[in-house]
Amino acid sequence: MARLLCILMAVVICCVPAARAADAPDQRTEVDKSVEKALEFLHNQQNADGSWSIFRGGKSAAISSFCVMAFLSSGNVPGEGKHGEVVKKGIEWVLKQQLPNGLITTDAHHEMYHHGICTIMLSEAAGMTDGKLGEEVRQKLEKAVQVILRGQRNTGVEKGGWRYRVEGSDSDISVTGWQLMALRAAKNLGCDVPPEAIERAVEYVKRCQDPGSGGFRYMVRGGVTVPCTGTSILGLELCGKDEHRSPEVLKAGSYLLKNLPRWGEGHFFYTIYYCTQATFQLGGNYWDSYRPRMQEVLLKNQAANGSWTGAGGEDSGLGPTYGTAMAVLALTVEYRFLPIYQRGEEPAEKTK
């Protein structure tokens, strides 16, 4: 039943992008045109085996999953339409990276980053994929979920979180955010995810909030950062039973509005991805304030070939496939094609 509902949802929501693509050029918005150029770039950057590479370091499971999600978020279904084969090949390549123990990674030092991101992608792709590939996605997704459950910390202030490796006792908001989203997406699909695992993760996120600023720390005893605040808001909005637009979440949203995106800031693409998703979930003045700034910054800095490359640091090191995929995921949030990021339309709270 869960599979059927997901497939039906995918069919319904994918009707909109088909109509969007058929619009005359002068009827498409600047965002639509920007996304189309970006997808053409990602299409051309895909390796023959279905993977995508980072600037330095070779083929990457995480970056490949981001690229697949960029196509999915724009309404491209595996095996169908202009980019259908690109999406299908990307999914197939990521599946081949899964180890016998269920872990999906191409970087042993940051295995849980890769694993969480790949699991989110497979969860989103599963509802849009049928036949033999669909069965393989769901089977490998179940194994991937078990890895996440096994890696969740279970003692002390780190309880409920995750960090770079499956084994360990430390945790941080960045890695935890990907795992929490992966569990939620898998649960939405019908995978066996114990509710207490999500509840423990939500409690860990809440322990990382700074009550003064409303922002969230990278670690329980770390410093407040903008991307960690966006990550935490999204996690609480989508996974916390009683956190939807709670006073603490709204205060964190106000912190984001005091720190609107600036091109060239550290971890720019990670920041804009999570903060866009977070403010979209909050809606109201939060989204109305964040959305135009996000779009302005991205449209202004897109290269002629459709790509984005970071202005420095990690973003530049990961290269244009990463930056372009993350930019597309931010720009297409309103398209509402990825089930995990759907939101209700009840009236939003005003900015505090």
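What counts, and where the lines are drawn
- Residues numbered from 1 in each chain as written.
- Predicted model: local features only at pLDDT ≥ 70, side-chain atom pairs only at ≥ 80, totals over all residues.
- Heavy atoms only, no water.
- Helix = DSSP H or I, 4+ residues; strand = E, 2+ residues; numbered from the N terminus.
- Buried < 20%, exposed > 50% of the residue type's maximum accessible area, 1.4 Å probe, protein only.
- Contact = heavy atoms within 4.5 Å.
- Areas by Shrake-Rupley, 256 points an atom, 1.4 Å probe, with all protein chains shown as cover.
- 1 Å grid on protein atoms, 1.4 Å probe; cavity = no way out; pocket = protein on both sides within 12 Å on 5 of 7 lines; lining within 4 Å.
- Points joined across faces, edges and corners; volume = space filled by probe spheres on them.
- Nonpolar A, V, L, I, M, F, W, Y, C, P; charged D, E, K, R; others polar.
- Axes fitted to C-alpha atoms, helices over the stretch in contact; angles between N-to-C directions.
- Parallel < 35°, antiparallel > 145°, perpendicular 65-115°, else oblique.
- Left-handed = near helix turned anticlockwise from the far one by under 90°.
- Phe/Tyr/Trp six-rings, centres within 6.5 Å; stacked < 30°, edge-to-face > 60°.
- Lys NZ or Arg CZ within 6 Å of the ring centre and 35° of its normal.
- Disulfide = S-S within 2.5 Å.
- Salt bridge = Lys/Arg side-chain N within 4 Å of Asp/Glu carboxyl O.

**Q** Please explain the overall build of the protein as it appears in this structure.
**A** On a plain count of helices and strands, the protein comes out with 14 helices and 4 strands. Out of the 352 residues in the protein, the part that is buried amounts to 57%. At a minimum sequence separation of 6, the contacts of the protein that also span at least 24 residues come to 69%. Accessible surface, the protein: about 14,200 Å² in total, of which carbon and sulfur atoms supply 52%.

**Q** I'm lost on empty space enclosed by the protein in this one. Help?
**A** Taken as a whole, this structure holds 1 cavity of 30 Å³ or more when the rule is applied. In this structure, the largest cavity is lined by Ser 73, Gln 277, Leu 329, Thr 332, Val 333, Arg 336, Phe 337, Leu 338 and Tyr 341. Broken down by class, the residue content of the lining of the largest cavity amounts to 5 nonpolar, 3 polar and 1 charged.

**Q** Looking at this structure, I do not really get the packing of helix α4 (residues 84-96) against helix α6 (residues 131-151). What am I missing?
**A** Between two packed helices, the angle of one axis relative to the other and the distance separating the axes together describe the packing. As a packed pair, α4 and α6 sit with axes 11 Å apart at the nearest point and diverge in direction by 40 degrees. In terms of axis orientation, α4 runs oblique to α6. Between α4 and α6 lies a crossing of left-handed hand. On the side of α4, the interface is formed by Lys 88, Ile 91, Glu 92 and Leu 95, while α6 contributes Leu 133, Glu 136, Val 137 and Lys 140. Partitioning the contact of α4 with α6 into residue classes produces 4 nonpolar, no polar and 4 charged.

**Q** Quick question: what am I supposed to make of the packing of aromatic side chains here?
**A** What the rule picks out here adds up to 17 aromatic pairs. Aromatic side chains Trp 263 and Phe 268 sit 5.0 Å apart centroid to centroid with 70 degrees between the ring planes, which places their arrangement in the edge-to-face category. A residue is classified by how much of its surface remains accessible, and Phe 268, at 2% relative accessible area, is buried. Seen from their ring centres, Phe 268 and Phe 269 are 5.1 Å apart, and the 80 degrees between their planes marks the pair as edge-to-face. A network of ring pairs unites the aromatic residues Phe 66, Trp 178, Trp 263, Phe 268, Phe 269, Tyr 270, Tyr 273, Tyr 274, Tyr 322 and Tyr 341 as a single cluster. Positioned above the aromatic ring of Tyr 164 is the side chain of Arg 163, whose terminal nitrogen or guanidinium carbon lies 4.6 Å from the ring centre.

**Q** Sorry, what's going on with the side chain of Ser 60 here?
**A** Topologically, Ser 60 is positioned in the loop between β2 (58-59) and α3 (61-73). When sequence neighbours within four positions are dropped, the list of residues in contact with Ser 60 reads Trp 52, Ile 54, Trp 93, Thr 106 and His 114.

**Q** Explanation requested: unusual backbone geometry in the structure shown.
**A** Trans peptide bonds make up the majority, and among non-glycine residues the majority have a negative phi. Residues other than glycine seldom take positive phi values, yet Arg 245 does so here, at roughly 55 degrees. Looking at the element boundaries, Arg 245 is found in the loop between α9 (226-239) and α10 (247-257). Overall, Arg 245 belongs to the buried group, its relative accessible area being 10%. Within the chain, Arg 336 stands out as a residue other than glycine whose phi angle is a positive 60 degrees. Within the fold, Arg 336 resides in the segment after α14 (320-331).

**Q** Looking at this structure, I do not really get the side chain of His 114. What am I missing?
**A** Along the polypeptide, His 114 turns up in helix α5 (residues 111-126). On the basis of relative accessible area, His 114 is assigned to the buried category, the value being 8%. Once you skip the residues sitting within four places of it in the chain, His 114 turns out to touch Ser 60, Ala 61, Ala 62, Ile 104, Thr 105, Thr 106 and Asp 107.

**Q** In this structure, what is going on with the environment of Glu 265? I would like to understand it.
**A** Among the structural elements, Glu 265 can be located in the loop between α10 and α11 (268-282). Sequence spacing of Glu 265 and Ala 311 is 46 residues, and the spatial spacing of their C-alpha atoms is 7.9 Å. Setting aside chain neighbours within four positions, we find Glu 265 in contact with Thr 271 and Asp 315.

**Q** I'm lost on the state of the cysteines in this one. Help?
**A** A covalent bond bridging the sulfur atoms of two cysteines is what the word disulfide describes. Applying the stated criterion across every chain, the model contains 0 disulfides. Distance from the sulfur of Cys 228, which forms no disulfide, to the nearest cysteine sulfur (Cys 208) is 8.1 Å.

**Q** What's the story with the pattern of salt bridges in this structure? I'm lost.
**A** Where charged atoms of side chains with opposite charge meet at close range, the side chains can pair. Throughout the structure, instances matching the rule amount to 14 salt bridges. A salt bridge links Arg 163 to Asp 172; its shortest N-O distance comes to 2.9 Å. Classification of Arg 163 by relative accessible area gives buried; the value is 16%. Judged by its relative accessible area of 0%, Asp 172 is buried. Within this structure, Arg 153, Arg 163, Asp 170 and Asp 172 form a network of salt bridges that share partners.

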